[in-house]
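These are the residues of each chain, in order.
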Amino acid sequence: MAKQPAKAPSQRQLRVAEEIRQALSQALERGDIYEPELTRRPVTITGVSLSPDMRNAMISFTPLGGGEAESSLKALTRQKGHLRNHVARKVHMKYVPALRFIEDKSFDVADHIGALLRDPHVAQDISDNGSNEPENEDD
């Protein structure tokens, strides 16, 4: 049996995911969750993706200022229960979703693309305006 393409998230999923992101960001920003690793190196919650039944949430994060995220991932995983409890108090839902944390690598990818675009060989191609036709010298 062929796999069906995934549906886009519903408006409700998007709205609830944003509420969860704000609740987690608020808890981490205000220091409601005490974790020395998260105090030493704060993290930014960049996005939340909910499953269609809204019982599982994938939380994307990045360490503030970039760098190694492995220690932050372990700290967030240790504090998963406290963070879930905070979400339960702030976001009114029948079921509080299980939280799973993943590192958001989109900023690293954007930096890599920016570095490629600043490369002199690529900059030369960009300055040619993508035109392979010789310019008209009759003017």
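Owing to the predicted nature of the structure, the values given are computational and were not obtained by experimental measurement.

Rules behind the numbers
Residues numbered from 1 in each chain as written. Predicted model: local features only at pLDDT ≥ 70, side-chain atom pairs only at ≥ 80, totals over all residues. Heavy atoms only, no water. Helix = DSSP H or I, 4+ residues; strand = E, 2+ residues; numbered from the N terminus. Buried < 20%, exposed > 50% of the residue type's maximum accessible area, 1.4 Å probe, protein only. Areas by Shrake-Rupley, 256 points an atom, 1.4 Å probe, with all protein chains shown as cover. Axes fitted to C-alpha atoms, helices over the stretch in contact; angles between N-to-C directions. Parallel < 35°, antiparallel > 145°, perpendicular 65-115°, else oblique. Left-handed = near helix turned anticlockwise from the far one by under 90°. Contact = heavy atoms within 4.5 Å. Nonpolar A, V, L, I, M, F, W, Y, C, P; charged D, E, K, R; others polar. Pairing = 2+ DSSP bridges. pLDDT = per-residue confidence, 0-100. Patch = residues over 30% accessible without salt bridge, like charges linked within 9 Å, V, L, I, M, F, W, Y side chains within 5 Å. Salt bridge = Lys/Arg side-chain N within 4 Å of Asp/Glu carboxyl O. Expected span 1.5 Å × (residues − 1). Arc of directions from axis to C-beta.

A. Structural context of the overall build of the protein chain. What the protein chain contains, in helices and strands, is 6 helices and 3 strands. Ordered by position from N to C terminus, the α and β elements of the protein chain give α-α-β-β-α-α-β-α-α. Counting the 139 residues in the protein chain, one finds 28% classified as buried. When the accessible surface of the protein chain is totalled, it reaches about 10,300 Å², and 51% of it is carbon and sulfur.

B. Local environment of the packing of helix α1 (residues 11–30) against helix α4 (residues 80–90). Orientation of α1 relative to α4, taken along the N-to-C sense of each, is 120°, at an axis distance of 9 Å. Relative to α4, the element α1 is oriented oblique. Between α1 and α4 the crossing geometry is right-handed. Here α1 contributes Ile20, Ala23, Leu24, Gln26, Ala27, Leu28 and Arg30 to the contact with α4, which in turn contributes Leu83, His86, Val87 and Lys90. Taken together, the residues that form the contact of α1 with α4 break down as 7 nonpolar, 2 polar and 2 charged.

C. Region of the structure containing the pairing of strand β1 (residues 43–50). Two strands pair when backbone bridges link them, and β1 and strand β2 (residues 56–63) are joined in this way by 7 bridges, in the antiparallel orientation. When the sheet's bridge partners are listed, isoleucine 45 is paired in β2 with phenylalanine 61. Taken together, β1 and the strand that follows it, β2, pair antiparallel across an intervening segment of 5 residues, in which methionine 54 is found at a positive phi of about 60°.

D. Structural context of the confidence of the model for the protein chain. Here the protein chain averages 83 in pLDDT, while 86% of its residues score no lower than 70. By mean pLDDT, helix α6 (residues 120–127) is the weakest element of the protein chain at 74, and strand β3 (residues 98–103) is the strongest at 94.

E. Inspection of unusual backbone geometry at higher detail. Positive phi, normally seen in glycine, also occurs at methionine 54, with a value near 60°. Its location among the elements puts methionine 54 in the loop between β1 and β2. Taking relative accessible area as the criterion, methionine 54 reaches 8% and is therefore assigned buried.

F. Highlighting the sheet that holds β2. Ordered by their spatial adjacency, 3 strands build an open sheet running β1-β2-β3, and the pairing between neighbours is mixed. Looking at which strands have only one partner, the edges of the open sheet turn out to be β1 and β3. Each strand of the sheet is rotated relative to its neighbour by a mean of 30°, with strand direction disregarded. With respect to the sheet, α1 is in contact with β1, β2 and β3, its orientation differing from that of β1 by roughly 155°.

G. Geometry of a nonpolar patch on the surface. The grouping of Val109, Ile113, Leu117 and Ile126 at the surface amounts to a nonpolar patch, some 360 Å² of accessible area in total. Of all the elements, helix α5 (residues 106–118) adds the most residues to the nonpolar patch, at 3 residues. Looking at leucine 117, the relative accessible area reads 46%, which means it is partly exposed.

H. Region of the structure containing α1. In a regular helix each residue adds 1.5 Å, so 20 residues correspond to 28 Å; α1 covers 29 Å between its end C-alpha atoms and thus fits that length. Those residues of α1 lying buried are Gln13, Val16, Ala17, Ile20, Ala23, Leu24, Ala27 and Leu28. Along the long axis of α1, the arc covered by the buried residues comes to 125°, so they all point the same way. Along α1, the residues that are exposed and aim more than 90 degrees away from the buried face are Gln11, Glu29 and Arg30.

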